[in-house]
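# Chains, contacts and geometry: an overview
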There are 2 protein chains.
Amino acid sequence: MRILDLETPAVVIDLAKVRANLARAQAHADTHGLKLRPHIKTHKLPLFANMQCEMGAIGITCQKVGEAEVMADAGLTDIFIPYNILGAAKLNRLLALHKRVTLSVTADSAVTIAGYAKHFTDPERPLPVLVECDTGMGRCGVQTVEEVVTLAKQIDAATGLRFEGLMTYPPRGEPEKVERWLADAIAALGESGLAVNTVSNGGSPDFYRAEQVTSATEHRPGTYIYSDRMQVAFGHGTLEDCAFTVLATVVSRPTDNRAIIDAGSKALAADTAPVPGHGHIVEYPDAVIGALSEEHGIVDLSNCAAKPEIGDKVRIIPNHVCPVSNLYDAVNIVEGDRVTETLVVAARSRLT
Amino acid sequence: MRILDLETPAVVIDLAKVRANLARAQAHADTHGLKLRPHIKTHKLPLFANMQCEMGAIGITCQKVGEAEVMADAGLTDIFIPYNILGAAKLNRLLALHKRVTLSVTADSAVTIAGYAKHFTDPERPLPVLVECDTGMGRCGVQTVEEVVTLAKQIDAATGLRFEGLMTYPPRGEPEKVERWLADAIAALGESGLAVNTVSNGGSPDFYRAEQVTSATEHRPGTYIYSDRMQVAFGHGTLEDCAFTVLATVVSRPTDNRAIIDAGSKALAADTAPVPGHGHIVEYPDAVIGALSEEHGIVDLSNCAAKPEIGDKVRIIPNHVCPVSNLYDAVNIVEGDRVTETLVVAARSRLT
């Protein structure tokens, strides 16, 4: 089957571009002695998680226990869940996972650690726990070095837990600030006799200067596998590097300068980017997807010399690719213009 | 099972509120002699589509052929797809559907009508086609009354098609303008000897003044079944009428005025509303969900007298409920605080 034979809207993933994006990132990590632990939230596909590990990643990152279960079922063996996991149901599932893969998690509160300590009690197979640090993102994470030490001690004191190190999801573009925060924490932990094995940093936006956070031992980029308009706007590669596109059909041309495509917010997601519009139309780079309804994209053709006709198919690079993956039950892998495989997005909507 | 026993994030739908919302809308339609043809894009559940019809709706509206297939499988018998359906694959599926349910569709171009005419050729069972009119929304639809007449004649001339009438998705708050547009078109069609059986108007925002568009014979509201913050902001009922909430857990309290919940853009969708924040927290009405990551909601508690603790569960009314439904494989029906049923969102992600 050829790409243009697909019913629309449909996701088309260029395998050669995926491989190139993965190779480039792995080389960057290797050059700087950083371990790579890709975040699978972007693709949610066992095929690509395994490919990332085969190319040199030390393991993967999942945001949800349910995602980790899917990846463990698919043969992934080293999974980090950088999340506060709470409640008996999730902790029991986490314990079951811990029995079959190398697992690690985070905590930013005594409550979270107490939950882990209650469910994980085997000193022979302790659960590694990293303390999450808010280095400026303003999301989760402890606010001070003193809190880091307090929580690390609590972890260290629990029979079935092991203090593994620090984790942060950093603010974009502030590596010096992140480095200072983490270095202070490591020094304070050292004074308390607590060794830091792992310092896990994250995010695709700053991945290509991840080495500036010198205390980090590993990085967890997600979006880099596909890239998207947002990554390109941040200066990472070009639109040609974007491996993930949504194929859509022009279903209406109500006026000379308006086209309607069959991809709306349920096909492209509603995330905005620091560039105009709701996606980049590859064949009509001057077109602007000015608004989305749920199943309609409203395209302004004012700046286009050539204009599409009703029935034409176009490919769209999303603003932010991660929530788009999550909207499709299946995606199509292509080599050149041939569809070589249709993959179920196995970890899609594993919300718990 | 009680609501608070659900793993989070989870969708909780209050059955009594659904029934009340449906009854109120049906009564409004009945009072004004309007037929009700609810849009199932909001709930994507056969149970509720059937309930809508049992309460008086004449049929349902689907936006995608795939949604219509699911609903036909579930026993729905009268389905309108107000969309330009293009391409041999979709048209063959449409033909198969036409053989088992009462189907109708729209077109706003000669190209779309030619596609219908090529696939539907049985004069004994013609496909009813409505001409879509752009009455001011600026999405699909013909721009002039002359185009309406031209397309209606093209439909009328096709052996296997029947000109059924007009369809519009109107601009919000401009019923006079919509009425004028449609009345002009009906008059012009009359002069050409073309009868208009159905004039289908749409949208929840203006449903409670739908009667102001006097030429409309039916209305296609969607969101009214659940309601959401956007509908309340538009003046339709109160937050207490909102039947659909997302149950989430507070997973972190990094600072005195910040809480993090385990519902981000993959659980609440990213649509904005004309009110601050990304959803209304029922238990903490003064809290503001100021930002969403994919799996984190960042909540500002500055204005809250009481504040939640880590592990607490809260219920969130979404800004726009339709894309939220679409993120979950299953939803939970509740009566009081008891979960009575968990339903697969059968028409979710039927994108083609």
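Residues numbered from 1 in each chain as written. Chains lettered and ligands numbered in written order. Predicted model: local features only at pLDDT ≥ 70, side-chain atom pairs only at ≥ 80, totals over all residues. Heavy atoms only, no water.

As annotated in an unreviewed UniProt entry, chain A carries the name D-TA family PLP-dependent enzyme and comes from Nitratireductor kimnyeongensis. Its UniProt record gives chain A the following Sequence similarities (unreviewed entry) comment, quoted word for word: "Belongs to the DSD1 family." (UniProt positions renumbered as here; feature names shortened; annotations may be inferred.)

### Observations concerning unusual backbone geometry
Cis geometry is adopted by the peptide bond preceding A:Pro9, which originates at A:Thr8 and carries an omega value of -5°. We note that B:Ser227 has phi near 65°; this positive angle belongs to a residue other than glycine. Looking at the secondary structure, you find B:Ser227 in the loop between strand S9 (218-220) and helix H8 (229-233). The class of B:Ser227 is buried, set by a relative accessible area of 6%. (Helix = DSSP H or I, 4+ residues; strand = E, 2+ residues; numbered from the N terminus. Buried < 20%, exposed > 50% of the residue type's maximum accessible area, 1.4 Å probe, protein only.)

### Remarks on the interface of chain A and chain B
Across the boundary between the two partners, chain A contributes 58 residues, which contact 58 residues of chain B. Summing both sides of the interface, chain A and chain B together bury roughly 4600 Å²; the carbon and sulfur share of this comes to 53%. For B:Glu295, the salt bridge identified is with A:Lys64, shortest N-O distance 3.7 Å. Run the count over chain A and chain B and you get 25 residue pairs in polar contact (both at pLDDT 80 or more). Among the elements of the structure, helix H4 (88-98), helix H5 (110-119), strand S10 (244-255), strand S11 (258-261), helix H9 (265-268) and helix H10 (321-325) of chain A are those that each provide at least two residues to the side of chain A that touches chain B. Tallying contributions element by element places S10(A) first for the side of chain A that touches chain B, with six residues. Of the residues in the side of chain A that touches chain B, the class split is 21 nonpolar, 18 polar and 19 charged. (Contact = heavy atoms within 4.5 Å. Buried area = accessible area lost by both parts, 1.4 Å probe. Salt bridge = Lys/Arg side-chain N within 4 Å of Asp/Glu carboxyl O. Polar contact = N/O pair within 3.5 Å; in protein donor to acceptor, adjacent residues only side chain to side chain. Nonpolar A, V, L, I, M, F, W, Y, C, P; charged D, E, K, R; others polar.)

### As for the pairing of strand S13 (residues 288-292) of chain B
All names here are of chain B. In terms of strand pairing, S13 meets strand S14 (residues 297-300) through four bridges, oriented antiparallel. Paired with Ile289 across the two strands is Val299, which belongs to S14. Between S13 and S14, which follow one another and run antiparallel, lie four residues. (Pairing = 2+ DSSP bridges.)

### Side note on the UniProt feature "domain: D-serine dehydratase-like" (unreviewed entry) in chain A
If you check UniProt for "domain: D-serine dehydratase-like" (unreviewed entry), the listed places come out as residues 243-335 of chain A in our numbering. In residues 243-335 of chain A, the share of helix is 10% and the share of strand is 41%. The end C-alpha atoms are 11 Å apart.

### Comments concerning the pairing of strand S7 (residues 161-167) of chain A
Within a regular beta strand, the side chains point alternately toward one face of the sheet and then the other, so they alternate between its two faces. All names here are of chain A. With six of seven residues buried, S7 is to be regarded as a mostly interior element. When strand S6 (residues 127-132) meets S7, the two strands line up parallel, connected through six bridges. Across the sheet, Val129 pairs through a bridge with Phe163, a residue of S7. Note that the unit made of S6, helix H6 (residues 145-157) and S7 has a crossover that is right-handed. In this sheet, strand S8 (residues 198-202) lies alongside S7 in parallel orientation, the contact comprising three bridges. Following the sheet pairing, Met167 is matched in S8 by Ser200. Remark: the S7/helix H7 (residues 175-191)/S8 crossover connection has right-handed handedness. (Right-handed = clockwise from strand over helix to strand, strands pointing away.)

### Topic: the environment of A:Thr272
Residues and elements named next belong to chain A. Along the polypeptide, Thr272 turns up in the loop between H9 and strand S12 (280-281). By relative accessible area, which is 58% here, Thr272 ends up exposed. Along the primary structure Thr272 and His28 are separated by 244 residues, whereas in three dimensions their C-alpha atoms are 28 Å apart. Once residues lying within four places of it in the same chain are set aside, the contact partners of Thr272 are Met230 and Asn319.

### A short note on the environment of B:Thr238
Residue and element names in this part refer to chain B. Structurally, the position occupied by Thr238 is in the loop between H8 and strand S10 (244-255). On the accessibility criterion, Thr238 (39% relative accessible area) is partly exposed. Residues Thr238 and Ser227, 11 residues apart in the sequence, show an inter-C-alpha distance of 8.9 Å.

### What about the sheet that holds strand S5 (residues 102-107) of chain A?
Residues and elements named next belong to chain A. Here we have eight strands laid out as an open sheet, ordered S2-S9-S8-S7-S6-S5-S4-S3, and parallel in their pairing. A strand with exactly one partner marks an edge of an open sheet, and here the two such strands are strand S2 (35-36) and strand S3 (60-61). Of the strands in this sheet, S3 and strand S4 (78-81) touch helix H3 (residues 65-73), which is tilted by about 175° from S4. (Axes fitted to C-alpha atoms, helices over the stretch in contact; angles between N-to-C directions.)

### Topic: H5(A)
Of all the residues in H5(A), the buried ones are A:Thr112, A:Ile113, A:Gly115, A:Tyr116 and A:His119. Mapping the buried residues of H5(A) onto a view down its axis gives an arc of 155°, with all of them on the same face. Check the buried side of H5(A) and you find it contacts H4, S5, S6, H6 and S7 of chain A together with S10 of chain B. (Arc of directions from axis to C-beta.)

### What to know about the domain arrangement of chain A
Residues and elements named next belong to chain A. When the domains of chain A are assigned, the result is domain 1 (3-10 + 231-344) and domain 2 (15-225). Of note, the centres of domain 1 and domain 2, computed from C-alpha atoms alone, are 33 Å apart. Listed by partner, the interface residues are 18 residues for domain 1 and 19 residues for domain 2. Summing both partners gives a buried area of about 1500 Å² for domain 1 against domain 2, and 63% of it is carried by carbon and sulfur. Residue assignment for the side of domain 1 that touches domain 2 shows that the elements contributing at least two residues are H10, strand S16 (330-335) and strand S17 (338-344). Tallying contributions element by element places S16 first for the side of domain 1 that touches domain 2, with four residues. When grouped by side-chain class, the residues that make up the side of domain 1 that touches domain 2 number 10 nonpolar, four polar and four charged. (Domains from an automatic or database assignment.)

### Digging into the packing of helix H3 (residues 65-73) of chain B against helix H4 (residues 88-98) of chain B
Residues and elements named next belong to chain B. As a packed pair, H3 and H4 sit with axes 10 Å apart at the nearest point and diverge in direction by 25°. Viewed along their axes, H3 and H4 adopt a mutual orientation that is roughly parallel. The handedness of the crossing between H3 and H4 comes out as left-handed. The segment H3 lies against H4, with Val65, Gly66, Ala68, Glu69 and Ala72 engaging Arg93, Leu94 and Leu97. Here the residues of the contact of H3 with H4 sort into five nonpolar, one polar and two charged. (Parallel < 35°, antiparallel > 145°, perpendicular 65-115°, else oblique. Left-handed = near helix turned anticlockwise from the far one by under 90°.)

### Observations concerning the relation of the copies chain A and chain B
When chain A is fitted onto chain B, the two copies agree to an RMSD of 0.0 Å after a turn of 180° and an axial shift of 0.0 Å. What the superposition gives is, in effect, a two-fold axis relating one chain to the other. If distances are taken from each C-alpha of chain A to the rotation axis, the shortest is found for A:Ala270, at 3.0 Å. Taken together, the interface assignments show that 100% of the residues at the interface of chain A recur at the interface of chain B, consistent with an identical surface on both copies. (Least-squares fit on C-alpha atoms with pLDDT ≥ 70 in both.)

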